[in-house]
Amino acid sequence: MGPPLTLRRATADDVPALQHIAEAAYSPYVARMGGLRPGPMETDYAGAVEDSEAWVAEVDGAVVGFLLLVPESNGMLLENVAVPPAHHGRGVGRSLLSLAEERTLAHDLHRIRLYTHETMVENQALYERIGYTETHRTTEHGFTRVFYEKQL
């Protein structure tokens, strides 16, 4: 068992780490997506830290994953969860997804929704394993997205 994982709210000081993690986590999908860069690689993380509920996962003081949540009137949008490949399989993503559920309930909301690109089949399998249900698919600006939701 490795060092403990700490979850905390992200700050402006975390922005470079969020950008780095997004590049590492999403760059493997660029080839699958025909050269398109996934949206999270283009996100303004300074704005996201300021305007959403941004969380980071740390191990020994190093940021190893993050979560962006946006409360909406009828549920929580899980805008992004990212863990770099070097930290896959260590429970970081699952811890962040569990935190998303906790935060949703803390806002007195009972539904989480998210979307992912159709080529990100590993993510889709994980979401389905932990209780998310596919609701629909759409194609916009060359991106075919798969939408999921989970009732809490």
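Before reading on, note that the structure itself is shown above.
None of the values given here were measured: they were computed from a predicted structure.

A. Broad picture of the pattern of salt bridges. In total, this model carries 11 salt bridges according to the counting rule given. Among the salt bridges present, the one from Lys 150 reaches Glu 101, with a minimum N-O distance of 2.5 Å. Taken together, the residues Lys 150 in strand β7 (residues 143–151) and Glu 101 in helix α3 (residues 92–106) connect sequence positions 49 residues apart. What you see here is one network of salt bridges that share partners, running through Arg 8, Asp 14 and Glu 58.

B. The arrangement of the layout of surface pockets in detail. Approximately 890 Å³ is the volume attributed to the largest pocket. Lining the largest pocket are 39 residues, with Tyr 26, Val 81, Ala 82, Asn 123 and Tyr 127 positioned closest to its centre. Taken together, the residues of the lining of the largest pocket break down into 21 nonpolar, 11 polar and seven charged.

C. Representation of the nonpolar core in the model. If you look at the biggest cluster of nonpolar residues, it comprises 24 residues, and the most contacted ones within it are Leu 67, Leu 78 and Tyr 132. When residues of this core are traced back to their parent elements, those giving at least two are β2 (53–59), β3 (62–72), β4 (75–82), α3, β5 (111–117), α4 (121–129) and β7.

D. Looking closely at unusual backbone geometry. The phi angle at Asp 60 is positive, at roughly 50 degrees, despite the residue not being glycine. Considering the arrangement of structural elements, one finds Asp 60 in the loop between β2 and β3. Located in the positive-phi region is Asp 108, a residue other than glycine, with phi close to 60 degrees. By the element assignment, Asp 108 lies in the loop between α3 and β5.

E. Quick peek at the side chain of Lys 150. Overall, Lys 150 belongs to the buried group, its relative accessible area being 13%. One polar contact links Lys 150 to Glu 101, side chain to side chain, over a distance of 2.5 Å. The contacts of Lys 150, once residues within four sequence positions are left out, are Glu 101, His 110, Arg 111, Ile 112, Ile 130, Gly 131 and Tyr 132.

F. Fine view of the environment of Arg 145. Assignment of secondary structure puts Arg 145 in strand β7. Between the C-alpha atoms of Arg 145 and Gly 35, which are 110 residues apart in sequence, the distance is 16 Å. Sequence-distant contacts of Arg 145, that is, excluding residues within four places in its chain, are made with Tyr 115, Thr 116, His 117, His 136, Arg 137, Thr 138 and Glu 140.

G. Quick peek at the sheet that holds β7. Here seven strands make up an open sheet; going across it, the order is β1-β2-β3-β4-β5-β7-β6 and the pairing mixed. The open sheet terminates on both sides in strands that have one partner only, identified here as β1 (5–9) and β6 (133–140). On average, adjacent strands in this sheet sit at an angle of 25 degrees to one another, irrespective of strand direction. The pairing of β3 with β4 spans seven bridges and is classified as antiparallel.

H. Representation of the packing of aromatic side chains. For the structure on display, the rule yields four aromatic pairs. Ring geometry for Tyr 127 and Tyr 148: centres 5.9 Å apart, planes at 55 degrees, overall tilted. With a gap of 21 residues between them, Tyr 127 in helix α4 and Tyr 148 in strand β7 connect regions that are remote in the sequence. The class for Tyr 148 is buried, based on a relative accessible area of 1%. By way of ring pairs, the aromatic residues Tyr 127, Tyr 132 and Tyr 148 are connected into one cluster.

I. Structural detail: the environment of Glu 149. Summarising the element assignment, Glu 149 is placed in strand β7. Taking C-alpha positions, Glu 149 is 9.9 Å from His 136, a pair spaced 13 residues apart along the chain. Look past the residues within four positions of Glu 149 in its chain and what remains in contact with it is Arg 111, Ile 112, Arg 113, Gly 131, Tyr 132, Thr 133 and Thr 135. Only 2.8 Å separates the side chain of Glu 149 from the side chain of Arg 111, close enough to count as a polar contact.

Definitions and limits used
Residues numbered from 1 in each chain as written. Predicted model: local features only at pLDDT ≥ 70, side-chain atom pairs only at ≥ 80, totals over all residues. Heavy atoms only, no water. Salt bridge = Lys/Arg side-chain N within 4 Å of Asp/Glu carboxyl O. Helix = DSSP H or I, 4+ residues; strand = E, 2+ residues; numbered from the N terminus. 1 Å grid on protein atoms, 1.4 Å probe; cavity = no way out; pocket = protein on both sides within 12 Å on 5 of 7 lines; lining within 4 Å. Points joined across faces, edges and corners; volume = space filled by probe spheres on them. Nonpolar A, V, L, I, M, F, W, Y, C, P; charged D, E, K, R; others polar. Core = buried A, V, L, I, M, F, W, Y, C linked by side-chain atoms within 4.5 Å. Buried < 20%, exposed > 50% of the residue type's maximum accessible area, 1.4 Å probe, protein only. Polar contact = N/O pair within 3.5 Å; in protein donor to acceptor, adjacent residues only side chain to side chain. Contact = heavy atoms within 4.5 Å. Pairing = 2+ DSSP bridges. Axes fitted to C-alpha atoms, helices over the stretch in contact; angles between N-to-C directions. Phe/Tyr/Trp six-rings, centres within 6.5 Å; stacked < 30°, edge-to-face > 60°.

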